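Analysis of the macromolecular model
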Amino acid sequence: MTTKSAAAATRATVYGYPRQGPHRELKKAVEGYWAGRIDADALRAASVELRRANWRRLADAGIHEVPTGDFSLYDHVLDTTVLVGAIPTRHRAAVDADALAGYFAMARGTRDVAPLEMTKWFDTNYHYLVPELGPDTTFSANSAKPVTEFAEAVALGLTARPVLVGPITYLLLAKPAPGVSADFEPLTLLDRLLPVYAQVLADLRAAGAEWVQLDEPALVQDRSFAELNAASRAYRDLGGLVDRPKLLVASYFDRLGEALPILAKAPIEGLALDFTGPAAANLDALAAVGGLPGKRLVAGVVDGRNVWINDLGRSLATLGTLLGLADRVDVAASCSLLHVPLDADAERDIDPQIARLLAFARQKTEEIVTLARGLGQGTDTIAAHLAANRTDLAARKASALTRDPAVRARTAAVTAADGRRSRPYPERAAAQRAHLGLPLLPTTTIGSFPQTAELRAARAELRAGRLDDAGYAKRIEAEIREVISFQEQAGIDVLVHGEAERNDMVQYFAEQLTGYAATRHGWVQSYGTRYVRPPILAGDISRPGPMTVRWTSFAQSLSDRPVKGMLTGPVTMLAWSFVRDDQPLGTTARQVALALRDEVDDLEAAGTSVIQVDEPALRETLPLRTADHAAYLAWATEAFRLTTSGVRAETQIHTHMCYAEFGDIVQAIDDLDADVISLEAARSHMQVAHELAAHGYPREAGPGVYDIHSPRIPDTDEVARLLREGLTAIPAERLWVNPDCGLKTRGWPEVRASLTNLVTAAREVRSTLSNSTP
Ligand code: GLN
Ligand code: ZN
C-alpha cells in the first residue's frame, strides 16, 4: 500500500512531552526553589535530569527525532518572551539582577510588581503568560535556553529538533502593554521580530540543528487578510535566510484553512498538520492545493488531547493517502503531548474495561512509533498491534459501559418539548415573584463559601479512613449551620449551603455519576506548577441516586428563607473532563444533561424553589473556528435547557458564568432561558450589564459587584455605585445583587465583611428606589 521512496524515510516524532516527571518532580523542584528549600543550581540539575529522562524514554520507545526546548520551568510562551528579549519594563530590573528570579517574577509577580496576565492556550485547559508589547518594544535574541537544551539531547547521542513558538503566533497571542493604547496591534512589530528569529535560527544551526520546528497554532483560527499576509511574509523572509536549519512549521488544534495554501507555497522544508477531529478537513484541503511536493509532511494522526487509544487502521489509511501528497511523511500526535497525563499504566484502580482503552503520553508515543513502522516497513510488521487494536476497539463498542441500553433509549426519546420550560418567562416570573416573595434587588451568592483548612482536613481524614461517613457528614453539617446562620445574620435573601462537601465542582459530580472514571496519577499542567486531574468521561452517563439533595435539604431545614440548590452544568462537566471520542460531543452532553435533570427534579421535589446550574465553561469551549460556533452552541444550550426544563413555573432556575467576555455569546446566554443569570462583572465595571441590555436580554441578571479574585473588601459605597451603574442597564425588577463568583478561595473575615457591605449597599439603593417609585 505504500510508495517506497516516501515511506522508507518515515520517522516517528512528537512536538512536546509532559514536563512534570512521573512523580511531579518538576512541581516539587520549582516550588522548593520558591520556598528556598533548594537553590538555583539544584533546580537546574533537577530540570536537566527530567529532560534527559524524557528524551531517553522517547528514544527507547522508537521516536527518531526528539523535541527539545518544549521543556519549561513555568510556561513556553514566557520562555519565548525571554528568547526574544521582550521583558516588560516593570520586570527588567529583576531579570537583570537574577535571570531565574526575574523569570518567576514575570510569572507570579512580587510584592511590588504585578505578574504577566495569564490566559488559556487556545481551547485547551493550559494557561500561558500573555506577552506585553508596545510601539516602543525592542527585541533581542537570547538563544541560550534552546541551544543548551538541544546540546543536551545531542550529547545523549539523539537526533533532536528544537521547537519554538513561531513569530506570528507569538505576536498574535500578545496584548498591548500597560499604558499602551488598546488599539495597538502587536503584529505590527513583525519586521522588528523577524531578525531576532533569524539570529536564533542561526544559533541553532551553529549548534548543529538540522531541523527547527516553529509552532504556529494561531493560524488555525480565523485570520484576517492582513494577518495571513504577515504569515506569508514571515515565512518568505525566514525561508530566504542563508544560514539556517530546515524549517518545519507546525499547526495544531484545528485545520489551517486559508493559511494552508500560504504555508504550502512558502520556502520552508516541512509542514506539520493536525488530522484529528475537525482538523481532518486538512486532508482534502491538502489535496486541493496539490500537496507538498518536495516537502516533509508531519502528520498528526494520534489525538494529542484525549486519553483514548488510536484507531490504528484508520490512521494508517489516512497516512496512506498522505503518502502521495508529500515528499516524505512522518507520524506524530496532533499536538504536543503536554495536554495528556503521562502514563496510563500507572493507573491500577480503573475498571479494566476502560483501562485497556486508555492511552496517555507514553502510550500515544508507542502508537506513533507503531504507525511510523507500519507506514515505512509495511503493515505486516505491525500485524499483531493492529489485531490487538481492533479487539480493543470492538470491545469498546460492545461494552455495557459505553452502550447502556437504558441511557440510549432515554436519549433517543428526547423531544424538543423536553428542552423547553412549560411556561414562557413572563408567566414564570410572575409565579416566582408570588412564590418567593423577594424584595427588589435581591441578594445572593454564587454557591461556595470558604473552603477552610478544617474542611480539607476532614476530607483527608475521610480518605485515610480516620473519619467515617457519619463523622464526615457531621462536620459538613456543622459547616452548613455556620454558613446559613451567617447569611441570615447578614440579611442575604437567597441563601446557599456553601458547597463545603465539594472538593471540585466537576469531580464532585463525576464521582457520583456512572460512566465517569477517576485517575490516581492523571495530572496535566494547568499553569506553572498547578496541575489538575480531570475525570474521564468514559461511558454512557447515568445517575444512580441523588447527589446534592441531602445537603441542600439540610440547609433548607435550618432557614425560612429560600436556599438555592447548586449543580455544575452539562457543558462544564464536559469541558473540564477528558471526553469520549467515539460519539459526538452533543450526544455525550445530552446524556449528562438527562442525569442532571433528574437531580434538578429531585431538588424541586425536596422543596427547593431556586436551583442554580453553573456553566462557567460555556464561553471557553467555543470552537476555534467561527464556522463551528453555531453547531456547538446549539447542542450546548440544548443540554442546559434539557437539564433545567423539568421543573414547575414557580421554581426559579439560575445559571452562573465567569472568566470570560460574554459579548459574543449573549444570544446563547439568552437561549439558555434561565430565569436568572449571575455573571462576573466587578472588574469591568458592569460592562456585561450593558452588553445584556444592548442585546435586549429579557430576564433577570446579577452582574457581580464584588471581585472575589482579590482579597480586597469592597466598601458599601463602591458596591452601591456598581449597583446604580447596573440599574442604568437593567431595570430594578430584574437586577440581582451578588459577587462575581464562588467564595471558596477566600477567607472568612473578608467574606463576612464584603457580604455585609453588599447587603447594606443593596438596602441603601433599594430604599432610594421605593422612595422614587409610587
Ligand atoms: N457554584 C460554584 C461556586 O460557587 C461556581 C464556581 C465557578 O463558577 N467556577 O464555587
Ligand atoms: Zn464563577
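The coordinates are above.
The present account deals with the structure reproduced in this document. (Residues numbered from 1 in each chain as written. Chains lettered and ligands numbered in written order. Predicted model: local features only at pLDDT ≥ 70, side-chain atom pairs only at ≥ 80, totals over all residues. Heavy atoms only, no water.)

**Some points on the pattern of salt bridges**
Under the counting rule described, the total for this entry stands at 52 salt bridges. For the salt bridge of Glu65 with Arg296, the shortest nitrogen-to-oxygen distance reads 3.1 Å. One end of the pair, Glu65, is in the loop between helix H3 (40–61) and strand E1 (66–68); the other, Arg296, is in strand E10 (residues 292–302), and 231 residues separate them in sequence. We classify Arg296 as buried; its relative accessible area is 2%. Close ionic contact of Asp673 with Arg699 constitutes a salt bridge, the shortest N to O distance being 3.6 Å. Taken together, the residues span a long stretch of sequence, with Asp673 in the loop between helix H26 (666–671) and strand E19 (676–679) and Arg699 in the loop between helix H27 (687–695) and strand E20 (700–703) at a distance of 26 residues. According to the relative accessible area criterion, Asp673 is partly exposed, its value standing at 21%. (Salt bridge = Lys/Arg side-chain N within 4 Å of Asp/Glu carboxyl O. Helix = DSSP H or I, 4+ residues; strand = E, 2+ residues; numbered from the N terminus. Buried < 20%, exposed > 50% of the residue type's maximum accessible area, 1.4 Å probe, protein only.)

**Remarks on empty space enclosed by the protein**
By the definition in use, this model includes 5 cavities of 30 Å³ or more. If you add up the space inside the largest cavity, you get close to 280 Å³. As for the largest cavity, its lining consists of 21 residues, and the residues nearest its centre are Gly69, Asp70, His76, Val163 and Val165. Every element with two or more residues in the lining of the largest cavity is listed here: helix H4 (76–83), helix H7 (144–155) and strand E5 (160–165). At 4 residues, H4 tops the list of elements feeding residues into the lining of the largest cavity. Among the residues making up the lining of the largest cavity, the classes are represented as 10 nonpolar, 6 polar and 5 charged. Considered as a void within the structure, the second largest cavity measures approximately 80 Å³ in volume. Contributing to the lining of the second largest cavity are Tyr17, Pro18, Arg19, Arg51, Asn54, Trp55, Leu58, Pro67, Asp70 and Phe71. When residues in the lining of the second largest cavity are grouped by element, the largest group, 4 residues, is from H3. (1 Å grid on protein atoms, 1.4 Å probe; cavity = no way out; pocket = protein on both sides within 12 Å on 5 of 7 lines; lining within 4 Å. Points joined across faces, edges and corners; volume = space filled by probe spheres on them. Nonpolar A, V, L, I, M, F, W, Y, C, P; charged D, E, K, R; others polar.)

**Re the nonpolar core**
Grouped together as the largest cluster of nonpolar side chains are 103 residues, with contacts concentrated most on Phe139, Tyr170, Tyr235 and Leu319. The greatest single-element share of this core, amounting to 8 residues, is contributed by helix H9 (residues 190–206). Setting aside chain neighbours within four positions, we find Tyr235 in contact with Gly166, Pro167, Ile168, Leu214, Glu216, Val249, Leu263, Ala266, Pro267 and Ile268. Ranked by size, the runner-up nonpolar core spans 100 residues in total, among them Ala593, Ala639, Ala689 and Ile730. (Core = buried A, V, L, I, M, F, W, Y, C linked by side-chain atoms within 4.5 Å. Contact = heavy atoms within 4.5 Å.)

**Details of the environment of Asp123**
Here Asp123 shows up in the loop between strand E2 (118–120) and strand E3 (127–129). With 501 residues separating them along the chain, Asp123 and Leu624 place their C-alpha atoms 7.0 Å apart. When near neighbours in sequence (up to four residues on either side) are disregarded, Asp123 contacts Phe253, Arg305, Glu620 and Leu624. Among the polar contacts made by the side chain of Asp123, one reaches the side chain of Arg305 at a distance of 2.8 Å. (Polar contact = N/O pair within 3.5 Å; in protein donor to acceptor, adjacent residues only side chain to side chain.)

**Details of the packing of aromatic side chains**
How two aromatic rings sit relative to each other is set out by the distance from centre to centre and by the angle between their planes. Per the counting criterion, the structure on display carries 15 aromatic pairs. Ring geometry for Tyr33 against Phe104: centres 5.7 Å apart, planes inclined by 45°, an arrangement best described as tilted. Note that Tyr33 is positioned in helix H2 (residues 25–34) and Phe104 in helix H6 (residues 99–108), a separation of 71 residues in sequence. You can call Tyr33 buried: its relative accessible area is 17%. Aromatic ring contacts, followed pair by pair, group Tyr15, Trp121, Phe122, Tyr128, Tyr252 and Phe253 into a single cluster. Stacked on the ring of Trp523, the Lys or Arg Arg24 has its end atom at 3.7 Å from the ring centre. Lying over the aromatic face of Tyr425, Arg699 brings its terminal NZ or CZ to 5.9 Å of the ring centre. (Phe/Tyr/Trp six-rings, centres within 6.5 Å; stacked < 30°, edge-to-face > 60°. Lys NZ or Arg CZ within 6 Å of the ring centre and 35° of its normal.)

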